[in-house]
Amino acid sequence: MSDSRPIRVRFAPSPTGNLHIGGARTALFNWAFARKMGGSFILRIEDTDRERNSQESLDSILNSLRWLGLDWDEGPEVGGDFGPYSQSERSECYSSAATKGLEEGWLYRCFCSPERIQKLKEEKLAAKENPHYDRCCRALCREESSLRSESGESFVLRFSVPDDEEIIIADHVRGEVKFHSSQVEDWVAVRSTGMPTYNFVCALDDAAMEISHVIRGEEHLVNTPKQVLMSRALGLQEPDFVHVPLILGQDGKKLSKRTGDTAVGDYKEKGYPPEALFNFLSLLGFSIDDETTIFGSEKLVSAFELSRINSSGAIFDTDKLAWICGDYIRACSAEALTERLLPFIKRAGFQVEEGEEEWLLRVVASYQERIGLYSDFPEMASWLFEGSVEVDKKAAKALRADGAAAVLMEIVKRLEAESNFPPQEFDSWIKSLSEELEIGMGNLMKPIRARLAGTLGGPPVGEMMALLGKEKTLARLQAT
Ligand code: GLU
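Since this is a predicted model, take the numbers as computed values, not measurements. (Residues numbered from 1 in each chain as written. Predicted model: local features only at pLDDT ≥ 70, side-chain atom pairs only at ≥ 80, totals over all residues. Heavy atoms only, no water.)

Colleague: Residues and numbers for a negative patch on the surface, please.
Modeller: Among the surface-exposed residues, Glu 335, Glu 353, Glu 354, Glu 357 and Glu 358 lie close enough to one another that they form a single negatively charged patch. Within the secondary structure, Glu 358 sits in helix α13 (residues 357-367). (Patch = residues over 30% accessible without salt bridge, like charges linked within 9 Å, V, L, I, M, F, W, Y side chains within 5 Å. Areas by Shrake-Rupley, 256 points an atom, 1.4 Å probe, with all protein chains shown as cover. Salt bridge = Lys/Arg side-chain N within 4 Å of Asp/Glu carboxyl O. Lys, Arg positive; Asp, Glu negative; His and termini not counted. Charge placed at Lys NZ, Arg CZ, Asp CG, Glu CD. Helix = DSSP H or I, 4+ residues; strand = E, 2+ residues; numbered from the N terminus.)

Colleague: Give me the layout of surface pockets: which residues, what numbers.
Modeller: Approximately 1000 Å³ is the volume found for the largest pocket. What lines the largest pocket is a set of 38 residues, among which Ala 12, Pro 13, Ser 14, Glu 219 and His 220 lie closest to the centre. Mapped by element, the contributors of at least two residues to the lining of the largest pocket are β1 (8-11), α1 (21-37), α6 (198-208) and β8 (213-217). Ranked by the residues each element gives to the lining of the largest pocket, the list is headed by α1, at four residues. Within the lining of the largest pocket, the residues separate by chemical class into 15 nonpolar, 14 polar and nine charged. (1 Å grid on protein atoms, 1.4 Å probe; cavity = no way out; pocket = protein on both sides within 12 Å on 5 of 7 lines; lining within 4 Å. Points joined across faces, edges and corners; volume = space filled by probe spheres on them. Nonpolar A, V, L, I, M, F, W, Y, C, P; charged D, E, K, R; others polar.)

Colleague: Go over the site of the ligand with me, naming the residues and quoting the values.
Modeller: Taken together, Arg 10, Ala 12, Ser 14, Glu 46, Tyr 198, Cys 202, Arg 216 and His 220 make up the full set of residues adjacent to the ligand. Ala 12 places a main-chain nitrogen or oxygen 2.8 Å from a nitrogen atom of the ligand. Within the contact set of the ligand, an oxygen atom lies 2.6 Å away from a side-chain nitrogen or oxygen of Tyr 198. Burial of the ligand by the protein amounts to 78% of the accessible area it has alone, namely 290 Å². The site holding the ligand turns out to be the largest pocket. (Near = heavy atom within 4 Å. Polar contact = N/O pair within 3.5 Å; in protein donor to acceptor, adjacent residues only side chain to side chain. Sits in = over half its atoms within 2 Å of the grid points.)

Colleague: Tell me what's going on with the sheet that holds strand β3 (residues 107-110), and back it up with residues and numbers.
Modeller: Sheet architecture is open: three strands sit in the order β3-β4-β7, paired in antiparallel fashion. The open sheet is flanked by β3 and β7 (188-190), the only strands paired with a single partner. Looking at each pair of strands side by side, their axes are set apart by 45° on average, direction ignored. In this sheet, strand β4 (residues 156-159) lies alongside β3 in antiparallel orientation, the contact comprising four bridges. What sits directly across from Cys 110, in β4, is Val 156. (Pairing = 2+ DSSP bridges. Axes fitted to C-alpha atoms, helices over the stretch in contact; angles between N-to-C directions.)

Colleague: Which residues make up the pattern of salt bridges, and what values go with them?
Modeller: Summed over all chains, the structure comprises 31 salt bridges. We note a salt bridge from Glu 46 to Arg 44, for which the minimum N-O separation is 3.0 Å. The exposure classification of Glu 46 matches that of Arg 44, with both residues buried. We note a salt bridge from Arg 90 to Asp 205, for which the minimum N-O separation is 2.8 Å. Taken as a pair, Arg 90 in the loop between α2 (55-67) and α3 (91-104) and Asp 205 in helix α6 lie far apart in primary sequence, 115 residues in all. (Buried < 20%, exposed > 50% of the residue type's maximum accessible area, 1.4 Å probe, protein only.)

Colleague: Could you give me a rundown of the pairing of strand β6 (residues 175-180), with the residues and numbers involved?
Modeller: Across six bridges, the pairing between strand β5 (residues 166-171) and β6 is antiparallel. When the sheet's bridge partners are listed, Ile 169 is paired in β6 with Val 177. Where β5 hands over to β6, the hairpin turn is made up of three residues, counted between the paired strands.

Colleague: I'd like a rundown of helix α19 (residues 441-453), residues and numbers included.
Modeller: Given a rise of 1.5 Å per residue, 13 residues ought to cover 18 Å, and the 18 Å separating the end C-alpha atoms of α19 matches this to within 8%. Those residues of α19 lying buried are Leu 444, Met 445, Pro 447, Ile 448, Arg 449, Ala 450, Arg 451, Leu 452 and Ala 453. Contact partners of the buried residues in α19: α15 (382-385), α16 (393-400), α17 (404-417), α18 (426-437), α20 (461-468) and α21 (470-478). (Expected span 1.5 Å × (residues − 1). Contact = heavy atoms within 4.5 Å.)

Colleague: Could you give me a rundown of the side chain of Ser 282, with the residues and numbers involved?
Modeller: Along the polypeptide, Ser 282 turns up in helix α9 (residues 274-282). Within the structure, Ser 282 has its side chain in polar contact with the backbone oxygen of Phe 278 (distance 2.7 Å). In contact with Ser 282, not counting residues within four places along its chain, are Leu 28, Phe 29, Phe 295 and Leu 300.

Colleague: Tell me about the nonpolar core, residues and numbers included.
Modeller: With 56 residues, the main nonpolar core has Ile 21, Leu 65, Leu 68, Leu 277, Phe 304, Ile 309 and Phe 316 as its most contacted residues. Per element, the largest residue contribution to this core is nine residues, and it comes from α1. Listed in part, the 39 residues of the second largest apolar core include Ile 345, Val 364, Leu 408 and Leu 433. (Core = buried A, V, L, I, M, F, W, Y, C linked by side-chain atoms within 4.5 Å.)

Colleague: Any details on the environment of Ser 113? Residues and values, ideally.
Modeller: Looking at the element boundaries, Ser 113 is found in the loop between β3 and α4 (114-126). Ser 113 sits in the partly exposed class, given a relative accessible area of 30%. In this structure, the C-alpha to C-alpha distance between Ser 113 and Pro 15, residues 98 residues apart in sequence, is 31 Å.

Colleague: Break down the packing of aromatic side chains for me, with residues and values.
Modeller: Going through the model one piece at a time under the given rule, you end up with 16 aromatic pairs. Grouped by ring-pair contacts, the aromatic residues Phe 350, Trp 359, Tyr 367, Phe 377 and Phe 385 constitute a single cluster. Note that Arg 8 overlies the ring of Phe 82, its terminal NZ or CZ placed 3.7 Å from the centroid. A cation over an aromatic ring shows up here: Arg 25 above the ring of Phe 29, its NZ or CZ 5.4 Å from the ring centre. (Phe/Tyr/Trp six-rings, centres within 6.5 Å; stacked < 30°, edge-to-face > 60°. Lys NZ or Arg CZ within 6 Å of the ring centre and 35° of its normal.)

Colleague: Please set out the side chain of Ser 40 residue by residue, giving values where relevant.
Modeller: Relative to the assigned elements, Ser 40 resides in strand β2 (residues 40-43). For Ser 40, the residues in contact, after removing those within four places along its chain, are Ile 7, Arg 8, Val 9, Ala 34, Asp 73 and Glu 74.

Colleague: Break down the packing of α17 against α21 for me, with residues and values.
Modeller: Two elements in contact, α17 and α21, have axes separated by 9 Å at closest approach and are oriented at 155°. Between α17 and α21, the angle falls in the class roughly antiparallel. For the pair α17 and α21, the crossing hand works out as left-handed. Residues Leu 408, Ile 411, Val 412, Leu 415 and Glu 416 of α17 pack against Lys 470, Thr 473, Leu 474, Leu 477 and Gln 478 of α21. (Parallel < 35°, antiparallel > 145°, perpendicular 65-115°, else oblique. Left-handed = near helix turned anticlockwise from the far one by under 90°.)

Colleague: Residues and numbers for the packing of α1 against α9, please.
Modeller: For any two helices packed against each other, one specifies the inter-axial angle together with the distance between the axes. Orientation of α1 relative to α9, taken along the N-to-C sense of each, is 80°, at an axis distance of 9 Å. As judged from the angle between their axes, α1 and α9 are roughly perpendicular. Contacts from Ile 21, Ala 24, Arg 25, Leu 28, Phe 29 and Trp 31 of α1 reach α9 at Leu 277, Phe 278, Leu 281 and Ser 282. Taken together, the residues of the contact of α1 with α9 sort by class into eight nonpolar, one polar and one charged.

Function cannot be read off these values alone, since they describe shape.
Encoded structure:
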């Protein structure tokens with residue numbers, strides 16, 4: 001299996017939707033392997049399904065890959081020596097391979113009607129037999145086949161699967177996976193419309209692009225014998241195969257919308273740090289060792305080994321993802337975090353005026369420990385950006401409590417009398433006030449928080465006052 005071929009791997013998405021978490025993990029493993037081995041990471045667009053493809057989907061896949069920090073050496077927008085990299089532009093390669101296959105006899109024309117195929121399938125299933133095509137047209141001689149095609153009869157091209165051949169796939173994750181050619185149907189390589197099928201183009205492109213390792217989801221293992229037989233028919237070296245485990249939801253079933261977002265773009269929109277998602281995806285079926293959980297792309301690249309990929313299903317643990325996100329957010333500098341938060345602040349409609357940059361850094365630093373996602377910030381800190389505050393239920397209750405209004409009046413009076421704003425050593429200032437007025441700290445702090453922010457959470461009260469400034473603090477405390 002190992003040889004001295006240059007390492008060339010590919011990620012081959014179909015632009016029919018957004019980049020799925022499973023696809024992103026596949027891309028990430030390919031990328032990490034290429035970077036570790038000094039090889040090439042190729043992005044190939046499998047856009048043969050014209051009806052389901054869209055430019056919008058392609059753009060979204062490329063953006064999601066970039067957002068995760070996965071760059072490609074060959075493919076759309078960057079080119080390369082093995083292009084074109086979109087299958088829609090490679091039809092000539094496919095039709096010349098089809099002609100070659102017919103000439104060499106590893107493809108044959110099948111004129112059976114869809115009705116016959118359907119009936120055959122039903123009969124075989126009813127008899128509890130393998131519902132494979134019965135190879136009826138495989139027996140046609142070349143002359144008859146050509147004549148029928150020339151007369152305009154509709155046909156598909158089928159792959160002529162050898163009769164008695166072992167197909168042993170030395171998979172880097174799953175070990176030896178054995179198939180026998182009798183398990184493989186004479187599958188359709190080119191449809192009657194002239195449209196080639198996935199297995200046909202995939203094997204051709206992997207060969208043409210000199211792919212050394214096919215790293216992809218386990219769900220494709222069923223396709224591998226067909227693709228291996230294609231390589232053999234073409235007389236080409238088979239690539240190595242690496243089938244990575246399925247990603248399962250926390251319910252142990254295939255990951256789906258039920259248990260969380262499945263599109264990478266949703267995580268971007270919701271304010272997950274891309275490095276955190278990258279880190280988390282790296283752990284879906286791979287580990288550096290038994291204890292390292294937090295690591296970045298450099299560490300992943302240096303530690304990446306195909307032999308460290310697990311064969312059992314990887315659980316998409318959303319709590320772990322949340323924990324990793326928090327870790328990244330806390331480890332960030334306030335400057336870098338502010339940079340990341342700005343789009344979310346703008347999206348919430350909040351303005352940061354010129355000259356307020358320093359202030360914003362302080363606000364961000366105050367909330368750094370409290371936010372789990374970038375998108376948490378605008379809501380939590382909204383009271384600092386908005387002219388008036390919306391008072392939540394708990395805060396409203398604190399404001400209705402006996403003596404709350406009197407407390408607030410007293411605080412205003414004391415703050416006005418202080419030469420510093422907020423008073424220095426705010427904690428001891430308020431503590432001594434609580435003792436002097438014989439009012440518990442809670443009864444003192446709650447109405448203040450309620451008036452300043454409309455909620456009882458948030459940073460320490462002294463910090464809140466400092467962030468809001470004297471004028472606004474006094475105005476809010478006096479508001480009725
Ligand atoms: N276009 C296929 C997919 O999106 C690629 C499968 C493969 O990697 O061979 O699943």
